[in-house]
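# Commentary on secondary and tertiary structure
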Amino acid sequence: MMIDSSAFQGKKAAYYTLGCKLNFSETSTFGRMLQELGVRPVSEGEVADLCLINTCSVTDVADHKCRQAIHRMVRKHPGAFVVVTGCYAQLSPATVSEIEGVDLVLGSNEKATLLQYLSEAWDGNPKTDSLHQYYTVKTREIKSFAPSCSRGNRTRFFLKVQDGCDYFCTYCTIPYARGFSRSASISSLVGQAREAAAEGGREIVLTGVNIGDFGKNTGESFLDLVKSLDEVEGIARYRISSLEPDLLSDELIAYCAQSRAFMPHFHIPLQSGSDEVLRLMHRRYDISLFAAKIKLIKSLMPDAFIGVDVIVGMRGEHEEHFEQTYRFLESLDISQLHVFPYSERPGTQALKIDYVVSEREKKERSSRLLALSESKTHAFYQQWIGREAEVLMEKAPKGKAMHGFTRNYVRVELPASLADPSLDNQLVNVKMTGFNHDQSALLAQLIGR
């Protein structure tokens, strides 16, 4: 279908994204596509003609935040044409479409053709033509792949390499929201990386739902993709977002250790340090495999930053299981924990598990793991005080401190007195001198300037 750009010219759009980096990347790409048709981002104090809300549904709290965000956008931009997409839109389209002010709900398969839906809606008067419609298909019919490589307001580009998941863990609804695993071709992704380099991009984060499953529909592998992207000139850094431990091959680890541009930075979901709970979750590994992966990474890349996801209070997680998890995490040479209290999701197999952890106990367990995470991150940062490193700087608000990250994801801070707009998106050498006021970064001094 041809898009009539005249229907888009002069309109203003407001965007709101909830959830993962993949959602942020997709929203940024939608914004770029609309801008090319003449739709500009709304300025502060203006009322938008279009509101696009990209939703998450990983927990019941996420669902609640999505509804709140929709209500806020409708109130803030009265009369705007309101489109809701994302995981919550796919899983609960009728509920979302009934929210006052929502005009159009697009599921995971339909969001790839957002422009066509908007073109049809805007052929006349958007508000009178709209009938609070929603368009979704069943999980097995979600087959579209919407390319996305965009940075929005960020320094880093986010390259979507894969979508969907075939794993169906007992606590998770993502496969129902995103469909089965599918990927872009390596050649198309290399082309997008080259375009990002041409736009001045220095760092790309590879995103997806289960990116280690890359290539199921193309006959390619994630390692093949990594090797191909490593050859793209102009991109100085790549980071791999979340990668399942059973899909994190020894060959991939070894390649990253000697590659030109892949950073010593890994994000690996564990979810539980109890093999019994892992079986209840239908995870595809045990703690011995996980520990072996951490050990291999650290043997080849001693300075590597390793973040680990953990779910607290899963059904069936008795106190002894949590204590096993705590002791296991305490023993690992990792840098940070991302702690998620278990949330009941309708339709998941976990609801069949009898033992339920109380909300009070979930909070106590979460607090303990967050304290462990803080101590591990502090210790990881501490060893870098007095050392030099290369940092990719990020734009800072006028008069504010400037931040950036080392190759191994140590966050550094340049005081406002040293912040220089010309350093934005530049690789600079710094010496790290100590913690900043809230211990969220290491203070740095520029070297050679």
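Read on for an overview of the structure.

### A closer look at unusual backbone geometry
A positive phi angle is found at histidine 282, which is not glycine, with a value near 65 degrees. Checked against the element boundaries, histidine 282 lands in the loop between α11 (275–281) and α12 (287–300).

### Topic: the side chain of serine 274
Tracing the backbone shows serine 274 in the loop between β13 (265–271) and α11. With a relative accessible area of 0%, serine 274 lands in the buried category. Not counting the four nearest positions on each side in its chain, serine 274 is found in contact with Ile287, His321, Gln324 and Thr325.

### A closer look at the sheet that holds strand β4 (residues 81–86)
Strand order across the open sheet formed by 6 strands is β2-β1-β3-β4-β5-β6, with parallel pairing between neighbours. Edge positions in the open sheet fall to β2 (40–41) and β6 (133–135), since each of these has one partner strand only. Across 5 bridges, the pairing between strand β1 (residues 12–17) and strand β3 (residues 50–55) is parallel. The residue of β3 that forms the bridge with tyrosine 16 is isoleucine 53. Sheet strands in contact with helix α2 (residues 60–76) are β1, β3 and β4, and its direction is about 160 degrees off that of β1. This element, helix α5 (residues 114–121), spans β3, β4, β5 (104–106) and β6 of the sheet and lies at about 160 degrees to β4.

### Examining α5
When you tally the buried positions in α5, you get 6 out of 8 residues, the bulk of the element. Taken together, the buried positions of α5 are occupied by Leu114, Leu115, Tyr117, Leu118, Ser119 and Ala121.

What counts as what
- Residues numbered from 1 in each chain as written.
- Predicted model: local features only at pLDDT ≥ 70, side-chain atom pairs only at ≥ 80, totals over all residues.
- Heavy atoms only, no water.
- Helix = DSSP H or I, 4+ residues; strand = E, 2+ residues; numbered from the N terminus.
- Buried < 20%, exposed > 50% of the residue type's maximum accessible area, 1.4 Å probe, protein only.
- Contact = heavy atoms within 4.5 Å.
- Pairing = 2+ DSSP bridges.
- Axes fitted to C-alpha atoms, helices over the stretch in contact; angles between N-to-C directions.

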